[in-house]
Amino acid sequence: MPGWLVAGGWGLLGGSALLLGALVAWFATLPARLIAAVMAVGSGVLISAVAFDLMDEAYRTGGFRAAAAGFLTGALVYTLANVALSRSGARHRKRSGSEPHARQPAADANSGAAIAIGALLDGIPESVVIGTSLIGGGRVSAVMVAAVFLSNVPEGLASAAGMKRAGRSASYVFGVWGGIAAASGLAAAFGYVALGGAAPAVLGAVTAVAAGAILAMLVDTMIPEATSATHAYSGLIAVIGFLAAFVLSKAGG
């Protein structure tokens, strides 16, 4: 099977979590504690992925300067874009809406577009890295795919719930998230094809950009959600998620 097609499949798998979250929000209401526990596990998995998969790979591939520059660039770009999107109604796009202060606004034309753009902002760098990990016959990182998947579920939950309250149709909601899931697959395939001949420093910087964006997103949205309903246990749950991802990372290595 062509490498670009394999990369696209893995990217699509990570993006499909948006659809899963939207389906759950459309047909059921999950307890706030359960959602917060999932977010805590996801936070631990993401921290492990950033530290042991992305930044370690960025350093080994491109060296310290490329890794550091990419890491800071990813965080800066995410933060600036997130500030702009927040003013358009997408601040809590990765929050489940389980807490009153974190509920999605009504999905009018502006906020709906902002949420969709925010999903692309979050998903494309992650998917590109999934694609580049397969360059040269490499193996996809199971930890990275799991981290992307877990971070996308609450985004689908929150946005679909808000859009449903605003009267959007099922075809609209699932069409939006199906399209963005497909874009994630295309981004992974693009990363594989476009960066196949890139210099090591470029590959390292691209990987670090995703790492910086993910860590900024993690602190901005996922950790607050994780602690919102599981104050006493969120730290322990996150540690379990981190340990599971760490073991999986080393076992796969």
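The name given to the protein in an unreviewed UniProt entry is Zinc transporter, ZIP family, with the source organism recorded as Sphingomonas guangdongensis.

Draft legend 1. Quick look at the pattern of salt bridges. With the rule as written, the count across this model stands at two salt bridges. Between Arg-60 and Asp-56 there is a salt bridge, with its nearest N and O atoms 3.2 Å apart. Residue Arg-60 and its partner Asp-56 are both found in helix H2 (residues 32-86); the two are separated by four residues, about one turn of the helix. Arg-60 gets classed as exposed once you look at its relative accessible area, which sits at 57%. For Asp-56, a relative accessible area of 35% gives the class partly exposed. Here Arg-60 ties to Glu-57 by a salt bridge, and the two come within 2.5 Å at their closest N and O atoms. In this pair, Arg-60 and Glu-57 both sit in helix H2, three residues apart, roughly one turn of the helix. The class of Glu-57 is partly exposed, set by a relative accessible area of 30%. Taken together, the shared-partner salt bridges in this structure form one network comprising Asp-56, Glu-57 and Arg-60.

Draft legend 2. Local environment of helix H6 (residues 200-228). Relative to the 42 Å expected for 29 residues at 1.5 Å per residue, H6 spans 41 Å between its end C-alpha atoms, a close match to the ideal helical length. At Leu-218, H6 shows its maximal kink, close to 45°.

Draft legend 3. Quick peek at the packing of helix H1 (residues 3-27) against helix H5 (residues 170-194). Running from N to C, H1 and H5 cross one another at 155°; their axes reach a closest spacing of 7 Å. By the angle between their axes, H1 is roughly antiparallel relative to H5. For H1 against H5, the interelement crossing comes out right-handed. Class assignment of the residues belonging to the contact of H1 with H5 gives a composition of 19 nonpolar, eight polar and no charged.

Draft legend 4. Inspection of the UniProt feature "transmembrane region" (unreviewed entry) in the protein at higher detail. With numbering matched to this structure, UniProt assigns "transmembrane region" (unreviewed entry) to residues 6-27, 34-52, 64-85, 172-195, 201-219 and 231-249. Within residues 34-52, the helical portion is 100% and the strand portion 0%, while the C-alpha atoms at the span's ends are 27 Å from each other.

Draft legend 5. Geometry of the packing of aromatic side chains. Per the counting criterion, the structure on display carries three aromatic pairs. An aromatic cluster is built from Phe-52, Phe-242 and Phe-246, whose rings are joined through pairwise contacts.

Draft legend 6. The arrangement of the side chain of Thr-207 in detail. Residue placement: Thr-207 occurs in helix H6. A distance of 3.0 Å separates a polar side-chain atom of Thr-207 from the backbone oxygen of Leu-203. Excluding its chain neighbours within four sequence positions, the residues that come into contact with Thr-207 are Leu-54, Ala-58 and Val-129.

Rules of the game
- Residues numbered from 1 in each chain as written.
- Predicted model: local features only at pLDDT ≥ 70, side-chain atom pairs only at ≥ 80, totals over all residues.
- Heavy atoms only, no water.
- Salt bridge = Lys/Arg side-chain N within 4 Å of Asp/Glu carboxyl O.
- Helix = DSSP H or I, 4+ residues; strand = E, 2+ residues; numbered from the N terminus.
- Buried < 20%, exposed > 50% of the residue type's maximum accessible area, 1.4 Å probe, protein only.
- Expected span 1.5 Å × (residues − 1).
- Bend = angle between axes of the 7 residues up to and from the residue.
- Axes fitted to C-alpha atoms, helices over the stretch in contact; angles between N-to-C directions.
- Parallel < 35°, antiparallel > 145°, perpendicular 65-115°, else oblique.
- Left-handed = near helix turned anticlockwise from the far one by under 90°.
- Nonpolar A, V, L, I, M, F, W, Y, C, P; charged D, E, K, R; others polar.
- UniProt positions renumbered as here; feature names shortened; annotations may be inferred.
- Phe/Tyr/Trp six-rings, centres within 6.5 Å; stacked < 30°, edge-to-face > 60°.
- Polar contact = N/O pair within 3.5 Å; in protein donor to acceptor, adjacent residues only side chain to side chain.
- Contact = heavy atoms within 4.5 Å.

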